[in-house]
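# Residue-level structural notes
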Amino acid sequence: GWMTLAGVLAQLHRSVAAEGLTFGEVVRTLREDFPYDDTARWEVLSSIEEEYLKLLKRSDFVDPDRARGEALDRGQVESPGDLWLIGVVELPGLVRSMLLQAAAPSSSPIHALVHAPEENADAFDELGCVIPEQWESVHIPLDDSQIHVVRRPPDQADALVDVLRGLEERFSAEEIVVGVPDPDVVPYLERGLAIAEVPHRYAAGTPLSATGPFRLLEAVGAFLDGHRFVDFASLIRHPDVAEALATQGLPEGSHAVDALDAADRYYNEHLPARMTASLAKGRHYEDMHAVVQSLEGTLELEKLEGDRFLSGWMPLVLEVLGRAYGREPLSLGNQRERRIVEVCAAIKDAAGVLGALPKALDAKVSGAEAVRLLLSELRSTNLPPDPERDAVELLGWLELPWDDAPTVIVTGANDRHLPDTFGADAYLPGALRSRLGLPDDRARFARDAYLLTTLVHSREELHVVAGRLNAAGDPLRLSRLLFATSDEIAAQRILRHLGNDEDDAASALGATAGVDASDEEAAGRFQSPPEPTLTVPDSAAFAESLSVTEFSGLLTDPYRYALEKLLNLRTVEDTDREMSPTVFGSLAHAVLERFGKSEANNSADERVIRTTVDTLLKQEADNQFGRAAVPAVRIQIEQLRARLHAFARWQAGWIADGWRIVRVEESIRREDGVRFDVDGEPVLLRGKIDRIDHNAETGAWAIWDYKTSDKKETPDSAHRKGRGNDKGWVVLQLPLYRHLLAGVLDEEGARLVPASDQSRVKLGYILLPKNLNDTGDSIAAWDEADLETADEAAREAVRTLRAGEFQFDANARRGYPNDQFDALLGRKELPVADESGEDDLGGAS
């Protein structure tokens, strides 16, 4: 925050001092009957400026603008001969004063060469700079055929390519130059030119802040400042760090693919907020520990911990770069490796300056602050591009007039960039800039109007491209320079190019969606999904054994099931900032499983049950999350505690009615699967039953599935969708539990639930929803006919799997809100409303 404020003040100082003024003089101007009073703030700024100058003097440094002003005051600015100003459009006030002093006496005259006809001499001052008042009503002779107004940045690239194609027979690449007043358009232009296979070169080069070594140090600084997991993940995602970690390997038997996968798996299970010594030692811990050790062995970041003087940090920061990029020799013949060397050299030079700070300017900082300060010195630095023959040159607006190419194409011709404007400035608004004599919007309009006029008159061909929307779909204003003409022509251009609101709205929608909403052909250019039909030849092998939970995927969306189960596609991310519904439910199941095996499992005392689940919840939460979890986890644990307390009330009453817990988390594994006949060929059913209860008094059995989703849901509403006779099975878990019971055996190897008791088996949910009043049991009311249709639905799902062909169905969306495959399948990632109008999100919030 302080560095940001310092940057603001530094920019203010440069703006004011360049005109030969001090902050104190701004205060005096504000006091001279100015429309508003901002003197208090500028008085503070003035005192800061005075301290800054004193500090420089004690350190044997000088402020360049203040030194020039003092030289002017002493009459020490001289010239050894004539002064020639060639095409100078504008000059800072301080430089102007220095030139005029150097030109006196007349023995050192100033010669100003202005690129304009003699009859326009009154539009320029004695130094050849534009006079703003003379350019306010300028008419720029642009023809409508030279103006191309399109919608979005990609369309500007298309327009550029179209113009180039029209020029290719008359001009070579070296005879064409592209102007880019708006740097935000450059990536789109470069991509469009690359797709069209047009060689090009952006003269501004690559920002140092976009290079690998810079971003590596940026990630190191962010991680050191708090050891947050999100910063740790960013650091190991850096390609150069990931490459180094890949050589270290993971422990034998690890299920993770690489360091990134290991970190993501650990995060999704344990949700650490920070990387500390108290990380939970649960699942995936060994993999995570190996990643941390590999990172430490690669970069040795512990050397950047603690506080020391800024100058003393610089060698240690450079050591990090050395360890990251010095593992093997870099070849200057390789473009990527040569760039790394150039960037590291620039970083080393900046570190050398900070490493030589005098004591008065040095300060004690943390390693993270040292890295940030070093990078702040480099953030505005660019690496020049490699020379390239026969390439179309992309130049900034101010460089454009100096290029002698006979053809010019100006892109991004929109206000704020052409003409350049200062915009809303909290410290130096337009009125204050004008009063102080600082460059203002009028001066910038005059400068850019003059430059565009010179291009019109000096080039064989000129084209101007403007956009109506930016990349985010927000409207842009066309450049005022395009309307610097007669009223009649300006009116015609307004009607021709500004369009109507409906077009803008449609285009904004297209920009957001990534397609032009008005262009059906463009919208259909890319097909989603990539393959309308997935063919999996060996899918029948997967049908030999199925979990009862897998049937829902086959019933709801077979195509998606094939992606996930047969092709083994998955998404592992670290974007959650709270327990996901799956993790929340898993924690609840772990507590309830241990409760079902505890001595209190068949107690009818609510207090005993509550005390037991409290103890088990603390143990499970500590084991899974430790003390480093994200803050929301603590809140969710308390939410789960409240649900478990409500469960304790229901459980006590259930036991009082004669019921007893017989089994919990009863698993039927693949090798013990229960045979289920489909067209004469059996399928082995497997799965895990959350809980089996028995009432010795009535002889009844209850098969339970715990449900921790936020809203109350009955077995029928979860398992079947639709209305009336159109209801269809989308989940088969509870109905197929009937078959799994044949594989649940007692201690003597006999069926736990005798076949004769099959009609006495209740299927249902034990609900632990957000609304605690809804906690309790929900029994399915299916009859034998209903259950028979469920079995037939299961057989049909198996037939689909055995067939091995899976058709994409764009409407098969229900049941998968916030699906990991939505982006792949071209579906909008919006919650799906169920029939009651509520979002079908489930889980804990």
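Predicted model, so just to flag it, every value in this text is computed and none were measured.

Rules used throughout
Residues numbered from 1 in each chain as written. Predicted model: local features only at pLDDT ≥ 70, side-chain atom pairs only at ≥ 80, totals over all residues. Heavy atoms only, no water. Helix = DSSP H or I, 4+ residues; strand = E, 2+ residues; numbered from the N terminus. Rg over C-alpha atoms; globule rule 2.2 N^0.38 Å. Buried < 20%, exposed > 50% of the residue type's maximum accessible area, 1.4 Å probe, protein only. Contact = heavy atoms within 4.5 Å. Areas by Shrake-Rupley, 256 points an atom, 1.4 Å probe, with all protein chains shown as cover. Salt bridge = Lys/Arg side-chain N within 4 Å of Asp/Glu carboxyl O. Polar contact = N/O pair within 3.5 Å; in protein donor to acceptor, adjacent residues only side chain to side chain. Patch = residues over 30% accessible without salt bridge, like charges linked within 9 Å, V, L, I, M, F, W, Y side chains within 5 Å. Lys, Arg positive; Asp, Glu negative; His and termini not counted. Charge placed at Lys NZ, Arg CZ, Asp CG, Glu CD. pLDDT = per-residue confidence, 0-100. Pairing = 2+ DSSP bridges. Axes fitted to C-alpha atoms, helices over the stretch in contact; angles between N-to-C directions.

## A closer look at the overall build of the protein
Check the secondary structure of the protein and you find 29 helices and 23 strands. For a compact globule of 845 residues, the expected C-alpha radius of gyration is about 28 Å, and the protein comes in at 36 Å, more than 25% above that figure. Referenced to the eigenvectors of the C-alpha coordinate spread, the extents of the protein come out at roughly 120 × 65 × 60 Å. Relative to its 845 residues, the protein shows a buried fraction of 47%. Nonlocal contacts in the protein, meaning residues at least 24 apart in sequence, comprise 75% of its contacts between residues at least 6 apart. When the accessible surface of the protein is split by element, carbon and sulfur atoms take 50% of a total near 42700 Å².

## Considerations on the pattern of salt bridges
Summed over all chains, the structure comprises 54 salt bridges. Arg152 serves as the salt-bridge partner of Asp155, at 3.6 Å between the closest nitrogen and oxygen. Relative accessible area serves as the criterion here: at 14%, Asp155 is assigned to the buried category. Residue Lys688 pairs with Glu665 through a salt bridge whose shortest N-O separation is 3.9 Å. Of this pair, Lys688 sits in strand β17 (residues 681-695) while Glu665 is found in strand β15 (residues 659-668), placing the two residues 23 residues apart along the sequence. Lys688 sits in the partly exposed class, given a relative accessible area of 42%. Three or more residues joined by partner-sharing salt bridges are found here, namely Glu90, Asp420, Arg444, Arg447 and Asp448.

## Notes on the side chain of Ser547
Here Ser547 shows up in strand β14 (residues 545-547). Only 3.0 Å separates the side chain of Ser547 from the side chain of Thr549, close enough to count as a polar contact. Not counting the four nearest positions on each side in its chain, Ser547 is found in contact with Arg686 and Gly687.

## Here's the deal with a negative patch on the surface
On the surface, Glu174, Glu175, Glu388, Asp390 and Glu460 cluster together into a patch of negative charge. Considering the arrangement of structural elements, one finds Glu175 in the loop between α6 (153-167) and β4 (176-179).

## A short note on the confidence of the model for the protein
Chain-level pLDDT for the protein is 87 on average; 92% of the residues reach the 70-or-more range. pLDDT under 50 marks residues 829-845. Its contacts with residues more than four places away, or in other chains, come to 41 contacts.

## Examining the sheet that holds strand β12 (residues 461-467)
Think of a sheet as strands paired side by side through backbone hydrogen bonds, with each pair either parallel or antiparallel. A sheet is described by the order of its strands in space; here 6 strands give the open sequence β3-β12-β11-β4-β10-β5, paired in parallel fashion. If you trace the sheet from one side to the other, it starts and ends with β3 (147-150) and β5 (200-202), each paired once. Taken over all neighbouring pairs, the strand axes of this sheet differ in orientation by 20° on average, direction set aside. Examined bridge by bridge, β4 and strand β10 (residues 392-395) share 3 bridges and lie parallel to one another. If you follow Gly179 over to β10, its bridge partner there is Leu395. Contacts from α6 reach β3, β4, β11 (407-410) and β12 within the one sheet, and its direction differs from that of β12 by about 165°.

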